[in-house]
Amino acid sequence: MTSKSAQRDAAIRNGDAYYFTGMPCKRGHIAKRLVSNYGCIECHIILGGEWLKNNPDRVSQINAKWRGNNSEKRKRAKRSWDEKNKDKVYARNAEWQRQHPVEHAAHNKVYRAKKMGLITPKSCERCGAGDVVHTHHEDHYRPMDVIWLCPSCHATRHWEIRKIEAKGASRT
């Protein structure tokens, strides 16, 4: 049997992320080891999961930073997934429409009004951005009463609403 370092060296030469020694780690796992730090993959998974549970705020920060730095990558991946899974996208949309008939009707009414030229998009009412704006309904029972928001401000508004609703308060 070759030595642990020889197996790791061979994995490095091959460009592999893992190597296998057949020897138990200090916690008794007989599993692949990471080339990057010699660690057992089983221990890595366990310790990583514990760290994630113990550091939710840090995880949120890391994820937010990644999302901010990879927005185009995320958009491409979503488009690609949607294109490959049209039936799932259709089913998800149909289910949302079935569960939210008032919201769906409000969105359709605004969509048709925009198509007919009855309403025209304005710049974002929060930050002033004007290149891409969404319509936001504070009350779906008043479908033509909309707020024009850029995608970022629109996402922020929905986040605010979820936070308020989680506390059990009213939206307004």
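Because the structure is a prediction, the values reported are computed rather than measured.

Right, let's get into the overall build of the protein. Looking only at helices and strands, the protein features seven helices and four strands. Overall, the protein shows an N-to-C arrangement of helices and strands of α-β-β-α-α-α-α-α-β-β-α. For 172 residues, the compact-globule estimate of 2.2 N^0.38 gives 16 Å, and the protein exceeds it by more than 25% at 25 Å. Overall size of the protein, expressed as C-alpha extent along the three principal axes, is 80 × 35 × 35 Å. Taking all 172 residues of the protein together, the buried fraction comes to 22%. Pairs at least 24 apart in sequence give 25% of the contacts found in the protein among residues at least 6 apart. About 12,900 Å² of surface is accessible on the protein, with carbon and sulfur atoms providing 54% of the total. If you average the places of the 34 positive and of the 18 negative side-chain charges in the protein, the two averages end up 4 Å apart.

For the pair helix H5 (residues 86-99) and helix H6 (residues 101-115), the least separation of the axes is 5 Å and the interaxial angle reads 105°. By the angle class used here, H5 and H6 are roughly perpendicular. Taking contact as the criterion, the partners of Trp-96, Gln-97, Arg-98 and Gln-99 in H5 are, on H6, Pro-101, Glu-103, His-104 and His-107. Among the residues making up the contact of H5 with H6, the classes are represented as two nonpolar, four polar and two charged.

Put simply, helix H4 (residues 71-84) and H5 touch, their axes get as near as 5 Å, and they point 95° apart. Judged on the interaxial angle alone, H5 and H4 are roughly perpendicular. Contacts between H4 and H5 involve Lys-78, Trp-81, Asp-82, Glu-83 and Lys-84 on the former and, on the latter, Lys-86, Lys-88, Val-89 and Arg-92. Split by residue class, the contact of H4 with H5 holds two nonpolar, no polar and seven charged.

Taken as a whole and judged by the stated rule, the model has nine salt bridges. The salt bridge partner of Lys-78 is Asp-82, with a shortest N-O separation of 2.5 Å. Here Lys-78 pairs with Asp-82, and both are found in helix H4, just four residues apart, close to one helical turn. For Lys-78, a relative accessible area of 46% gives the class partly exposed. The salt bridge partner of Lys-86 is Glu-83, with a shortest N-O separation of 3.0 Å. The exposed category is assigned to Glu-83, whose relative accessible area is 51%. Residues participating in the shared-partner salt-bridge network are Arg-126, Glu-138, Arg-157 and Glu-160.

Where nonpolar side chains cluster on the molecular surface, the patch consists of Trp-51, Leu-52 and Ile-62 and spans about 280 Å² of accessible area. The class of Leu-52 is partly exposed, set by a relative accessible area of 48%.

About the criteria used
- Residues numbered from 1 in each chain as written.
- Predicted model: local features only at pLDDT ≥ 70, side-chain atom pairs only at ≥ 80, totals over all residues.
- Heavy atoms only, no water.
- Helix = DSSP H or I, 4+ residues; strand = E, 2+ residues; numbered from the N terminus.
- Rg over C-alpha atoms; globule rule 2.2 N^0.38 Å.
- Buried < 20%, exposed > 50% of the residue type's maximum accessible area, 1.4 Å probe, protein only.
- Contact = heavy atoms within 4.5 Å.
- Areas by Shrake-Rupley, 256 points an atom, 1.4 Å probe, with all protein chains shown as cover.
- Lys, Arg positive; Asp, Glu negative; His and termini not counted.
- Charge placed at Lys NZ, Arg CZ, Asp CG, Glu CD.
- Axes fitted to C-alpha atoms, helices over the stretch in contact; angles between N-to-C directions.
- Parallel < 35°, antiparallel > 145°, perpendicular 65-115°, else oblique.
- Nonpolar A, V, L, I, M, F, W, Y, C, P; charged D, E, K, R; others polar.
- Salt bridge = Lys/Arg side-chain N within 4 Å of Asp/Glu carboxyl O.
- Patch = residues over 30% accessible without salt bridge, like charges linked within 9 Å, V, L, I, M, F, W, Y side chains within 5 Å.

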